[in-house]
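Here are the chains, one letter per residue:
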Amino acid sequence: MGIEPGQFYRPHGSLRIDYKKSLNPQQLAAVTAPDGPALVIAGAGSGKTRTLTYRVAYLIERGVPPDQLLLLTFTNKAADEMMNRVKLLLGAQIVCPWGGTFHSVANKILRQHSHLIGYNNNYTILDREDSLDLVKACLKELDVDIKPKVGPRAEVITEIISKAANTAASIEQTIQNEYPYLTPYISLIKQTSALYEQKKRESNLMDFDDLLVKCKLLMEEFPEILRHYQERFQHILVDEYQDTNKLQSELVDLLASRHRNIMVVGDDAQSIYGWRGANFENILTFPSRYPGTRIYRIEYNYRSTPEILAVANASIANNPVQHRKKLTPIRPAGKKPTLIICRDPIQQAWFIANKIREFRETGLRLADIAVLYRSHFHAMEVQLELTRAGIPFVITSGIRFFEQSHVKDVTVYLKLLVNPRDELAFRRLTLMLPGIGPKTFDKLWRAYLSKLEALKGPECQNGPSNDTNSRSQAWESLPEVLAAISNHVPSPSKTEWAKLVGLFKTIQALGPQLTPAPIIRKIMEAYLDNYIRLTYSNYLQRLEDIDELIAYAEQFKSTNDFLAQLALLTNLESEETLIATYATDAVRLSTVHQAKGLEFEVVFLIMLCDGLFPNARAMGIPGGLYEERRLFYVGITRAKTHLFIFYPECRRSPGSQGLETLEISRFLSEIPWELFEVLDLRSYNTPGFYSSFVSS
């Protein structure tokens with residue numbers, strides 16, 4: 001049985017740790033907070049983990065049994081690290097059995113009581129691959145091909161089911177709000193979800209999301225179980241509270257509703273994961289859900305210089321709805337952040353590569369340098385420039401721009417156009433079609449090769465060539481050969497095969513001298529747009545990548561040259577990746593989302609253009625602009641000593657063979673420019689799109 005609120009086991013005089021000496025006044029106030037609900041707003045670089053660790057140690061020193069503490073984190077590693085620090089602080093072997101992720105704690109509870117909600121306690125937890133396989137089995141039972149033919153792929157449906165669970169929304173609401181382009185398939189997805197639930201229950205299976213869903217269900221349907229855990233958990237502490245979703249928040253509220261000894265730690269200004277279900281309202285409304293909440297603000301920043309924090313504070317102040325705070329620097333004064341106005345992304349990349357060389361010559365490790373961006377495609381020119389410059393770099397996602405699957409889905413059509421004998425291209429393209437697997441591919445390839453060689457053209461006999469006559473014959477032969485082997489195509493694939501033949505005939509009619517950009521546009525319009533829509537859950541993001549690929553392709557007059565450049569760059573990148581993998585020193589390229597929680601001596605924050613950062617699509621979502629500004633704030637506060645922010649004035653337009661003028665990001669317009677050192681590169685004689693367009 002837990003102790004009542006306000007009751008402590010030991011007086012302050014018996015405490016082992018000198019908390020006043022170890023913590024700053026703001027941290028100390030939060031660590032030694034009395035019983036009751038507490039909201040700790042811990043700003044970027046303010047020592048949040050230190051505060052939470054000392055709070056756990058303080059509660060244990062005051063006499064709270066470790067097994068009556070519930071510590072919820074987003075990774076088991078974070079919980080383990082905190083408890084290891086607590087052991088060092090207290091000089092004792094402390095075991096906190098209820099410390100871990102939301103899912104691990106829910107699993108521990110369900111192992112004891114799942115029989116009450118219709119599961120045996122030895123249920124199996126499905127990993128993501130298992131869940132996907134089960135959804136595929138459901139689609140097969142419903143007689144739906146899992147390739148994009150009559151509906152979205154299993155991967156997309158699995159993502160929708162998960163999003164619905166984590167946001168406590170229905171399948172229909174989730175599709176309408178998050179995937180409106182899949183509205184025609186609502187009925188199919190609902191049927192699949194219902195069958196998926198049925199099969200899990202019949203087989204005593206739970207997926208990752210079920211752990212939270214079923215745990216909450218258990219608490220709601222069995223008050224005596226809820227009461228048991230309310231009594232057990234005398235104090236509840238939640239880390240990174242701004243990242244919790246609706247389901248996690250509701251589960252915590254249930255457990256904390258009796259003693260109300262709950263401390264949540266987070267920073268609403270760093271709430272940037274709304275797109276994956278995190279609910280900004282959780283941290284915003286905490287005081288209203290818990291009347292009498294004490295709010296502690298930890299604003300002393302140990303990471304960044306005063307000049308960097310001045311920019312961060314000025315930016316986030318423009319969000320109207322927030323827990324107000326002002327980061328206060330501990331470090332001495334440094335240099336103002338530099339705002340660089342440049343012609344285009346090529347000049348931006350050139351400046352970054354040269355600046356990195358300068359920093360390296362001063363002895364700074366490359367690992368202390370990061371290039372951060374809003375979207376993956378923003379970094380394409382930087383990747384190319386660093387590769388050419390021989391500067392090792394790693395990408396947080398692990399995937400280079402041209403290696404992404406949807407980019408390869410596009411370029412495979414071009415490869416087959418210029419070289420009809422490309423077996424790998426033919427394989428990838430045919431396996432994208434419904435009803436075609438490896439065995440069918442082998443039959444098709446043999447028939448295709450036989451028809452191709454029967455044409456007796458030089459392209460077929462001697463492989464690809466660069467001469468115009470050979471390219472023309474390859475261009476003309478492809479749709480003819482594909483049509484000729486249609487009798488080998490299985491029935492489920494015939495409709496899609498006919499579309500494929502029609503697509504290549506359309507491209508053929510445009511002529512062999514057609515440049516790659518219009519070909520890609522035609523491929524997207526006629527076929528691939530729908531394939532990507534039904535194959536990938538982040539369809540809109542991938543469309544942005546394809547637009548950037550088209551813009552990059554505009555500079556090439558030959559499809560062969562375009563593909564050759566991609567191959568050369570990919571091979572160079574692969575070699576560079578090996579260097580970066582085995583070296584301890586490499587520049588980090590990352591989206592701001594993936595960089596949260598990290599810090600670097602030098603940060604280059606790129607593509608601050610309206611519609612890019614902030615993202616145009618995100619601004620169309622309620623609250624989206626405010627989250628975009630929080631994302632910008634997170635990017636700024638990754639920098640310790642040097643911050644460079646870039647505004648390119650134009651870029652190649654994905655829709656034409658010209659330039660698109662870019663407006664400066666509103667995030668920069670709303671910050672007083674006296675906080676920056678402004679550098680205008682537009683008149684500098686450096687590489688850029690503008691000069692190449694003028695010369696042409």
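See above for the structure.
Asks: Whenever I open this one, the overall build of the protein chain confuses me. Can you help?
Replies: Of regular secondary structure, the protein chain possesses 31 helices and 19 strands. The proportion of buried residues among the 696 residues of the protein chain is 56%. A separation of at least 24 residues holds for 79% of the contacts in the protein chain among residues at least 6 apart in sequence. Here the protein chain displays about 28,300 Å² of accessible surface, and carbon together with sulfur accounts for 51% of that area.

Asks: Can you help me understand the state of the cysteines in this one?
Replies: In a disulfide, the sulfur atoms of two cysteines are covalently bonded to one another. Considering all chains together, one arrives at zero disulfides under this definition. C342 provides the cysteine sulfur closest to C650, a residue in no disulfide bond, and the two sulfurs are 8.9 Å apart.

Asks: Explain the environment of K557 here, please?
Replies: Here K557 shows up in the loop between α25 (539-553) and α26 (559-582). For K557, a relative accessible area of 64% gives the class exposed. Between the C-alpha atoms of K557 and A517, which are 40 residues apart in sequence, the distance is 9.1 Å. Every residue in contact with K557, bar those within four places of it in the chain, is listed here: Q513 and T515.

Asks: Would you take a moment to explain the sheet that holds strand β6 (residues 235-238) for this structure?
Replies: Strands pair in a sheet through their backbones, by hydrogen bonds, and they do so in one of two ways: parallel or antiparallel. Overall, parallel pairing links the six strands, which are arranged β3-β2-β6-β7-β1-β8 in an open sheet. Across the chains shown, the open sheet's two edge strands, defined by having one partner strand only, are β3 (99-101) and β8 (294-298). Here the average twist between neighbouring strands, direction ignored, is 15 degrees. Here five bridges tie strand β1 (residues 38-42) to β8, and the two strands are oriented parallel to one another. Residue pairing across strands places A42 opposite I298, the latter belonging to β8. Strand contacts of helix α3 (residues 48-61): β1, β2 (69-73), β6, β7 (262-266) and β8, with the helix running at about 170 degrees to β6, the strand carrying the most contacts. Running at roughly 160 degrees to β6, helix α12 (residues 246-256) makes contact with β2, β6 and β7 of the sheet.

Asks: Could you clarify how one ought to interpret the side chain of N204 in this entry?
Replies: Here N204 is to be found in the loop between α9 (186-202) and β5 (205-206). Residue classification places N204 among the buried residues on the basis of a relative accessible area of 13%. Within the local environment of N204, its side chain forms a polar contact with the side chain of N122, the two groups lying 3.1 Å apart. Setting aside anything within four residues of it in sequence, one finds N204 in contact with Y119, N120, N122, Y123 and T124.

Asks: Explanation requested: the pairing of β2 in the structure shown.
Replies: Each regular strand shows side chains that alternate between the opposite faces of the sheet. For β2, a buried count of five out of five residues is recorded, marking the element as mostly surrounded by other parts of the structure. What you see with β2 is no split at all: L69, L71 and T73 on one side and L70 and L72 on the other are buried throughout. Across four bridges, the pairing between β2 and β6 is parallel. Counted as the bridge partner of L71 is L237 from β6. Taken together, β2, helix α4 (residues 76-90) and β3 constitute a β-α-β crossover, and its handedness is right-handed.

Asks: Help me understand the side chain of T591, please; the structure alone is not making it clear to me.
Replies: One can find T591 in strand β14 (residues 587-591). Within the local environment of T591, its side chain forms a polar contact with the side chain of Q594, the two groups lying 3.1 Å apart.

Asks: Hey, could you run me through helix α16 (residues 345-361) in this one?
Replies: Since there are 3.6 residues in each turn of an α-helix, residues three or four apart along the chain are aligned in direction. Here α16 is 17 residues long and its end C-alpha atoms lie 24 Å apart, about the 24 Å a rise of 1.5 Å per residue gives. Looking only at α16, the buried set comprises P345, Q347, Q348, A349, F351, I352, A353, I356 and F359. Taking the backbone nitrogen of I346 as reference, a side-chain oxygen 3.1 Å away marks D344 as the first, capping residue of α16. Positioned one or two residues after α16, G363 has a phi angle of 100 degrees, which is positive.

Asks: Just to check I follow, could you spell out the pattern of salt bridges for this structure?
Replies: Between side chains of opposite charge, a pair can form when the charged atoms approach closely. Overall, the coordinates contain 40 salt bridges when judged by the stated rule. Of the charged contacts, one joins E250 and K216 as a salt bridge, the two residues approaching to 3.3 Å between their closest N and O atoms. Taken together, the residues span a long stretch of sequence, with E250 in helix α12 and K216 in helix α10 (residues 208-221) at a distance of 34 residues. We classify E250 as partly exposed; its relative accessible area is 24%. Each member of the salt-bridge network shares a partner with another, and the members are K48, D239, E240, D243 and K596.

Asks: Even after reading the chapter, I still don't get the packing of aromatic side chains, so can you show me in this structure?
Replies: Ring pairs (aromatic) are described by centroid distance and by the angle formed between their planes. Counted by the stated rule, this structure contains 27 aromatic pairs. Between W98 and Y229 the ring centres are 6.0 Å apart and the planes differ by 75 degrees, which places this aromatic pair in the edge-to-face class. One end of the pair, W98, is in the loop between α4 and β3; the other, Y229, is in helix α11 (residues 223-232), with 131 residues separating them in the sequence. Y229 matches W98 in its accessibility class, with the two residues each being buried. Ring geometry for F351 against F646: centres 5.7 Å apart, planes inclined by 65 degrees, an arrangement best described as edge-to-face. On the criterion of sequence distance, the pair formed by F351 in helix α16 and F646 in strand β16 (residues 639-648) is long-range, its members being 295 residues apart. What makes F351 buried here is its relative accessible area of 11%. An aromatic cluster of three or more residues is present, and its members are F351, F359, F604, F644 and F646. Against the face of Y123 rests R111, its NZ or CZ located 3.8 Å from the ring centre.

Criteria and thresholds
Residues numbered from 1 in each chain as written. Predicted model: local features only at pLDDT ≥ 70, side-chain atom pairs only at ≥ 80, totals over all residues. Heavy atoms only, no water. Helix = DSSP H or I, 4+ residues; strand = E, 2+ residues; numbered from the N terminus. Buried < 20%, exposed > 50% of the residue type's maximum accessible area, 1.4 Å probe, protein only. Contact = heavy atoms within 4.5 Å. Areas by Shrake-Rupley, 256 points an atom, 1.4 Å probe, with all protein chains shown as cover. Disulfide = S-S within 2.5 Å. Pairing = 2+ DSSP bridges. Axes fitted to C-alpha atoms, helices over the stretch in contact; angles between N-to-C directions. Polar contact = N/O pair within 3.5 Å; in protein donor to acceptor, adjacent residues only side chain to side chain. Right-handed = clockwise from strand over helix to strand, strands pointing away. Expected span 1.5 Å × (residues − 1). Salt bridge = Lys/Arg side-chain N within 4 Å of Asp/Glu carboxyl O. Phe/Tyr/Trp six-rings, centres within 6.5 Å; stacked < 30°, edge-to-face > 60°. Lys NZ or Arg CZ within 6 Å of the ring centre and 35° of its normal.

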